[in-house]
Amino acid sequence: MAPVEFVQENQSLSMAQGTIRGLHFQSEPFAQGKLVRCVEGAIFDVAVDLRHGSPTYGQWAGATLTAQDCNQLWIPSGFAHGFCTLVPQTVVAYKVTAYYSRENDLGLAWDDPDVNVAWPDVADPTKLSAKDQVQPRLADLPSYFEVAN
Ligand SMILES: Cc1cn([C@H]2C[C@H](O)[C@@H](COP(=O)(O)OP(=O)(O)O[C@H]3O[C@@H](C)C(=O)[C@@H](O)[C@H]3O)O2)c(=O)[nH]c1=O
């Protein structure tokens, strides 16, 4: 992997078990790689490949991250990211490779059936933010990222 430089570190607290955040990404020139860890509690962390031309375009990968295990997940640029908290009072910290940009802050529906993320049973759609209740489906997104075959 090419060296990366982190420019910002974020932290978020979710009080309720089953809180879903995502799926989020920023477009160029503020596309972000994210290094995600759980500093309190536990999450199911998810990445979705948005790179047109990628053999894994539209596919997802997930991992359980816990404060106890101190494990981390690297989400490369070109992937949407989201998580579901597995226990109450969960704190997630993530370093990012580009600054936050409201204009470039974009999303994908957490429950897009074409992506079909296997969210944990505790996932609670009533805990979605207002913006995450209306994110578009993958099929309706323009091509923000492309890779050569
Ligand atoms: C992420 C971020 C948000 N904000 C502001 C915007 C808004 O007013 C408030 C809350 O932002 P959001 O609703 O986007 O927060 P949140 O839903 O926690 O967004 C995060 O979700 C996870 C899954 C990610 O992958 C992150 O990159 C980020 O998109 O904080 C910043 O000022 N700087 C930042 O870096």
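None of the values given here were measured: they were computed from a predicted structure.

### Focus: empty space enclosed by the protein
- In this structure the tally under the stated criterion is one cavity of 30 Å³ or more.
- Approximately 40 Å³ is the volume attributed to the largest cavity.
- The wall of the largest cavity is formed by Leu50, His52, Tyr57, Leu138, Leu141, Pro142, Ser143, Tyr144 and Phe145.
- Considering only residue class, the lining of the largest cavity consists of seven nonpolar, two polar and no charged.

### Regarding the UniProt feature "active site" (unreviewed entry) in the protein
- Annotation from UniProt places "active site" (unreviewed entry) at His24 and Tyr94. With the annotated positions falling across 71 residues, the maximum pairwise C-alpha distance of 13.1 Å places them together in a single cluster. For the largest pocket, the lining residues among the annotations just cited are His24 and Tyr94.
- With respect to the secondary-structure elements, His24 resides in strand β2 (residues 20-26).
- For His24, a relative accessible area of 17% gives the class buried.
- Apart from the residues within four sequence positions on either side, His24 is in contact with Lys34, Phe79, Ala80, His81, Leu106, Gly107, Lys131, Asp132 and Gln135.
- A polar contact is formed between the side chain of His24 and the backbone nitrogen of Gly22, at a distance of 3.5 Å.
- Summarising the element assignment, Tyr94 is placed in strand β9 (residues 90-96).
- Apart from residues no more than four positions distant in its own chain, Tyr94 is found in contact with Gln8, Glu9, Asn10, Leu35 and Val36.

### Brief notes about the environment of Tyr144
- Mapping Tyr144 onto the fold places it in the loop between β10 (105-107) and β11 (145-146).
- Judged by its relative accessible area of 30%, Tyr144 falls in the partly exposed class.
- Measuring from C-alpha to C-alpha, the distance between Tyr144 and Glu40 comes to 33 Å, with 104 residues separating the pair along the chain.
- The contacts of Tyr144, once residues within four sequence positions are left out, are Phe25, Ser27 and Leu106.

Rules of the game
Residues numbered from 1 in each chain as written. Predicted model: local features only at pLDDT ≥ 70, side-chain atom pairs only at ≥ 80, totals over all residues. Heavy atoms only, no water. 1 Å grid on protein atoms, 1.4 Å probe; cavity = no way out; pocket = protein on both sides within 12 Å on 5 of 7 lines; lining within 4 Å. Points joined across faces, edges and corners; volume = space filled by probe spheres on them. Nonpolar A, V, L, I, M, F, W, Y, C, P; charged D, E, K, R; others polar. UniProt positions renumbered as here; feature names shortened; annotations may be inferred. Helix = DSSP H or I, 4+ residues; strand = E, 2+ residues; numbered from the N terminus. Buried < 20%, exposed > 50% of the residue type's maximum accessible area, 1.4 Å probe, protein only. Contact = heavy atoms within 4.5 Å. Polar contact = N/O pair within 3.5 Å; in protein donor to acceptor, adjacent residues only side chain to side chain.

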